[in-house]
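Read off the chains here:
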Amino acid sequence: MSVSLLFAIVLVLALVGYFLGRANASGLKASGKNLHSIPPYHGYYIALWCGLPAFVLVLVWQAAQGSIIDQILIAGLPSHLTEGTSAARVSLILGEIKNVAAGRVFGTPEPAVIEAAEHYKSLQSTASLALVACTLAVAVGGIAFARARLSPDFRARNRVDGILRGLLIICSVLAILTTLGIILSLLIESFAFFSRVPVLSFLFGMEWSPQMAIRSDQVAAEGAFGAVPVFWGTIFISAIAMFVALPVGLFSAIYLVEYADKRVRSFVKPLLEILAGIPTIVYGFFAVLTVAPFIREFGMSLGLDVASNSALAAGGVMGIMIIPFISSFSDDAISAVPQSMRDGAYALGATKAETIRQVLLPAALPGIVGGVLLAVSRAIGETMIVVMAAGLTATLTANPLEGVTTVTVQIVTLLIGDTEFDSPKTLAAFGLGLVLFISTLVLNIVALQVVKRYRERYE
Amino acid sequence: MTTLDTTEASGMIMTKTAEDTGTLAKTATAARAGEHETKISASAVSVFYGEKQALFDVTIDIPARQVMAFIGPSGCGKSTFLRCINRMNDTIDICSVKGKIEIDGANIYDPKIDPVLLRARVGMVFQKPNPFPKSIYDNIAYGPRIHGVAKAGSAMDEIVETSLQRAGLWNEVKDRLHEPGTGLSGGQQQRLCIARAIAVNPDVILMDEPCSALDPIATAKVEELIDELRTRYTIVIVTHSMQQAARVSQKAAFFHLGNLIEVDETDRMFTNPTDQRTQDYITGRFG
């Protein structure tokens, strides 16, 4: 029986439980008893007791079943297949057993494997039967348990509230746990990397060429894992992006808040925000197919040597992507400056531009800075545009017409294709990811602090 | 005004005389009023917010170096008219002004007049103190700086000091000129805003309910200051407080539903108004 069918049955049982509880409570009410909670709450109470434990059981069962069956299979294999072999070998055998069980037989499997496959099939069917039985038992048991507790004085309303609160807590905890899990996996892999490559030579090394000899007899350079050129590339491209986005975003925000009349504003602002909704891969196309050739041809007409994957193209397009960030944060910050500041400046005989430059911008600065920092952390973490438009070679250059590579591009290239997660080459991706994560985290925290302090000022 | 003590002492005396309003003081004011030439002359001023007319054909003469109080119930157009005098209404898109306002005989709504320069001559103080989020010094120096009156240095220091002294704030802030103006108390902030307005050396100072956000002691100080300022500046003040109008102003104008009902010597209007509506408002029957 499939899991979704099982879920449907549990759902129907919960529904039955609901009507049972409600009918019971209505009956009590009709017989003149004073109920603490209205009948539907009695129904909800039974339904929750029926559905939730069964639901959790199915989830846990599904998560655990595979590995338990694997353990049983391995334990049942003849010793010549398992003893003294690596974990990888054992998992290969397991894979073969499952393939055979599914009817995909390649070559002639060992008799032990065929036997194990039969065993596997029977284990599978037993397990799923047991799952169905247990789930139904839990669901029905839940109904019986909850039903037994119902009485006129029973505070079903408060209980349901409590259960719902528990659900909400679980959901938020799940979100946090996921984050922790991501960080943890990043940390563990990074430690594996840093145990092979020293932290200092990673952070301060000037050469990045993660190519490693795959076989020991192969002629290849020893990989160099100095991340400075890679981080430089990220910083450089982000700087170019900010160079484009900051003036355009800020000035358009000033125009929209201070100069544009309502009709223009209601038309231009959403248009500007469409930029934020364009998938980054589309920006990537734009950078590769339009901007990069344009810069290249323009540079050539001036007699400059422009790489086809120039930092300028990637950074410039990334800047365009970030414009809505900056403009919407600046817009909020400038709008939040009280009208009385403007009046004060105008009343002293300041022109509009003077008022903006000398009064509004300083007052809105913390908010703008917060927005800019968030935009920078967005730029640093941006992947798709640079994967498409920035180069792959890690060069330490300040010339925007040359190609540079970024942290995110390197992570992608390190992990693409056939990878095994025990060579420094692939593990380097996690080292890069960790540093990237920490730096954007710090930027975000600083930005939020700045924004928060600014909010306290005017409210 | 050399020390804090004398400032406060004279303040108390001032408030006392103002509140008691002895007949002697009244006749003195009345006599003085006659000598003053007209500074601001408005004729048939109407103001529209979009379709809605907020002010109807206001014609009034405001004398130089006196305090003129605009009184009237909320929404009567007194603030609207005040904001016509320095063309602050220009900053509201939907607002349009008809009629003529002359300051020293020149129509300020003449296209040749630059409202930005006009506002340097006609300063304004607002209902809520609105110091810029800058230092006390920079708050004062802002106006002179944008008008090129003085560059940084001793000339600017002097302007800042004189302005703060005239606003009666110097002794309280002279040791912390470079702290933010927003850190001052409400009353100090309002006097800082008055000092800021004074710093560009205006002829006229408009005050839009300058004490409505202040406590009684801070109010007394600002009122005392207004009384001192009238020796140099023409002051127009909008107020909701009849007592305040009686204390600080020599002339009063009563507005009602966008119309100017009555203009007179303050004492005369408060004791013997000619219009029934003025009488009703002053005696508290509406408003």
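In case you missed it, the structure is sitting above this.
Here goes a summary of the coordinates provided.

Reading the values: rules and limits
Residues numbered from 1 in each chain as written. Chains lettered and ligands numbered in written order. Predicted model: local features only at pLDDT ≥ 70, side-chain atom pairs only at ≥ 80, totals over all residues. Heavy atoms only, no water. Pairing = 2+ DSSP bridges. Helix = DSSP H or I, 4+ residues; strand = E, 2+ residues; numbered from the N terminus. Phe/Tyr/Trp six-rings, centres within 6.5 Å; stacked < 30°, edge-to-face > 60°. Buried < 20%, exposed > 50% of the residue type's maximum accessible area, 1.4 Å probe, protein only. Lys NZ or Arg CZ within 6 Å of the ring centre and 35° of its normal. Contact = heavy atoms within 4.5 Å. Buried area = accessible area lost by both parts, 1.4 Å probe. Polar contact = N/O pair within 3.5 Å; in protein donor to acceptor, adjacent residues only side chain to side chain. Nonpolar A, V, L, I, M, F, W, Y, C, P; charged D, E, K, R; others polar. Axes fitted to C-alpha atoms, helices over the stretch in contact; angles between N-to-C directions. Parallel < 35°, antiparallel > 145°, perpendicular 65-115°, else oblique. Left-handed = near helix turned anticlockwise from the far one by under 90°. Salt bridge = Lys/Arg side-chain N within 4 Å of Asp/Glu carboxyl O. 1 Å grid on protein atoms, 1.4 Å probe; cavity = no way out; pocket = protein on both sides within 12 Å on 5 of 7 lines; lining within 4 Å. Points joined across faces, edges and corners; volume = space filled by probe spheres on them. Core = buried A, V, L, I, M, F, W, Y, C linked by side-chain atoms within 4.5 Å. Domains from an automatic or database assignment.

All names here are of chain B. Relative to strand S2 (residues 52-63), strand S1 (residues 38-49) runs antiparallel, the two sharing eight bridges. When the sheet's bridge partners are listed, Ala-42 is paired in S2 with Ile-60. Here S1 folds back onto S2, and the loop between the two strands holds two residues, one of which, Gly-50, carries a positive phi near 65°.

Attention now goes to the packing of aromatic side chains. The geometry of an aromatic ring pair is captured by two quantities: the separation of the ring centres and the angle between the planes. Residue and element names in this part refer to chain A. Throughout the structure, instances matching the rule amount to 18 aromatic pairs over all chains. For the pair Phe-193 and Phe-225, a centre-to-centre distance of 5.6 Å together with 80° between the ring planes defines the contact as edge-to-face. Pair noted here: Phe-193 is in helix H6 (residues 156-196) and Phe-225 is in strand S2 (residues 224-225), with a separation of 32 residues, a long-range link. Taken individually, Phe-193 and Phe-225 each receive the classification buried, so the pair is uniform in this respect. With 5.9 Å between their ring centres and 85° between their planes, Trp-208 and Phe-225 make a pair best called edge-to-face. Taken together, the residues Trp-208 in strand S1 (residues 208-209) and Phe-225 in strand S2 connect sequence positions 17 residues apart. By the burial criterion, Trp-208 is buried, and Phe-225 matches it. Here the aromatic residues Phe-193, Phe-194, Phe-202, Trp-208 and Phe-225 are joined through ring pairs into a cluster of three or more. Between the NZ or CZ atom of Lys-352 and the centre of the ring of Tyr-259, over which it lies, the distance is 5.3 Å.

This brings us to the sheet that holds strand S5 (residues 106-107) of chain B. Residues and elements named next belong to chain B. Pairing is antiparallel in the open sheet, where four strands are placed in the order S2-S1-S4-S5. On the outer flanks of this sheet lie S2 and S5, each paired with one strand and no other. Where S1 lies against strand S4 (residues 95-103), eight bridges are found, and the strand directions are antiparallel. Each bridged residue has a counterpart across the sheet, and for Ala-42 the counterpart in S4 is Ile-101.

Before going further, it helps to spend a moment on the side chain of Arg-342 of chain A. All names here are of chain A. With respect to the helices, strands and loops of the structure, Arg-342 is situated in helix H12 (residues 339-347). Note on Arg-342: relative accessible area 7%, which makes it buried. Beyond its immediate stretch of four places on either side in the chain, Arg-342 contacts Val-257, Glu-258, Ile-334, Ser-335, Val-337, Thr-355 and Leu-360.

With that settled, consider the interface of chain A and chain B. Facing the 19 residues of chain A at the interface are 22 residues of chain B. Across the chain A to chain B interface the summed buried area is about 1,600 Å²; carbon plus sulfur atoms make up 65%. Our enumeration of links across chain A and chain B arrives at four residue pairs in polar contact (both at pLDDT 80 or more). Looking at the side of chain A that touches chain B, the elements with two or more residues in it are H12, helix H13 (352-381) and helix H16 (424-458) of chain A. Sorting elements by how many residues they give to the side of chain A that touches chain B places H12 of chain A first, with seven residues. Per-class residue counts for the side of chain A that touches chain B are 10 nonpolar, six polar and three charged.

Right, let's talk about the packing of helix H1 (residues 3-30) of chain A against helix H5 (residues 111-149) of chain A for a bit. All names here are of chain A. Where H1 meets H5, the closest approach of the two axes is 10 Å, and the angle between their N-to-C directions is 15°. The angle between the axes of H1 and H5 places the two elements in the roughly parallel class. Both H1 and H5 take part in a crossing whose hand is right-handed. Of H5, the residues touching H1 (which contributes Leu-6, Ile-9, Val-10, Leu-13, Gly-17, Leu-20 and Asn-24) are Leu-131, Val-132, Thr-135, Leu-136, Ala-139, Val-140, Ile-143 and Arg-147. By residue class, the composition of the contact of H1 with H5 is 11 nonpolar, three polar and one charged.

Here we take up the pattern of salt bridges. Across all of its chains, the model carries 19 salt bridges over all chains by this definition. Measuring nitrogen to oxygen at the nearest pair gives 4.0 Å for the salt bridge that ties Glu-118 of chain A to Lys-121 of chain A. Highlighted residues: Glu-118 of chain A and Lys-121 of chain A, both in helix H5, separated by three residues, approximately one helical turn. By relative accessible area, Lys-121 of chain A is classed as partly exposed at 41%. As a salt-bridge pair, Asp-104 of chain B and Arg-121 of chain B come within 3.7 Å of each other at their nearest N and O atoms. Highlighted residues: Asp-104 of chain B in the loop between S4 and S5 and Arg-121 of chain B in helix H4 (residues 115-121), separated in sequence by 17 residues. Look at the salt bridges and you will find they share partners, linking Arg-265, Lys-269, Glu-273 and Asp-331 of chain A into a network.

All names here are of chain B. Strand order in this open sheet of six strands is S6-S7-S8-S3-S9-S10, and the pairing throughout is mixed. In the strand order of this sheet, the two ends are held by strand S6 (122-125) and strand S10 (259-265), each with one partner. Neighbour-to-neighbour, the strand axes of this sheet turn through a mean angle of 20°, independent of strand direction. Strand direction decides the pairing type here: strand S3 (residues 67-71) and strand S9 (residues 251-256), joined by four bridges, are parallel. Note that in S9 the partner of Ile-71 across the bridge is Phe-254. Packed on one face of the sheet, helix H3 (residues 78-85) meets S3, S6, strand S7 (204-208), strand S8 (234-238) and S9 and runs near 155° to S7.

Looking at the largest pocket, its volume works out to about 730 Å³. Lining the largest pocket are 24 residues, with Val-257, Glu-258 and Lys-352 of chain A together with Thr-91 and Asp-93 of chain B positioned closest to its centre. Those elements giving two or more residues to the lining of the largest pocket turn out to be helix H8 (228-259), helix H9 (262-277) and H12 of chain A together with H4 of chain B. Considered class by class, the residues forming the lining of the largest pocket number nine nonpolar, four polar and 11 charged.

Quick look at the nonpolar core now. Grouped together as the largest cluster of nonpolar side chains are 81 residues, with contacts concentrated most on Met-318, Ile-322 and Leu-432 of chain A. Residue-level mapping places this core at the junction of two domains, with at least three residues from each of domain 2 (157-195) and domain 3 (224-458) of chain A. Residues within four places of Leu-432 of chain A in sequence aside, it is in contact with Phe-202, Trp-208, Ala-227, Val-230, Phe-231, Val-407, Gln-410, Ile-411 and Leu-414 of chain A. Judged by nonpolar contacts, the second largest core, of 46 residues, contains Ile-140, Leu-164, Ala-199 and Ile-261 of chain B.

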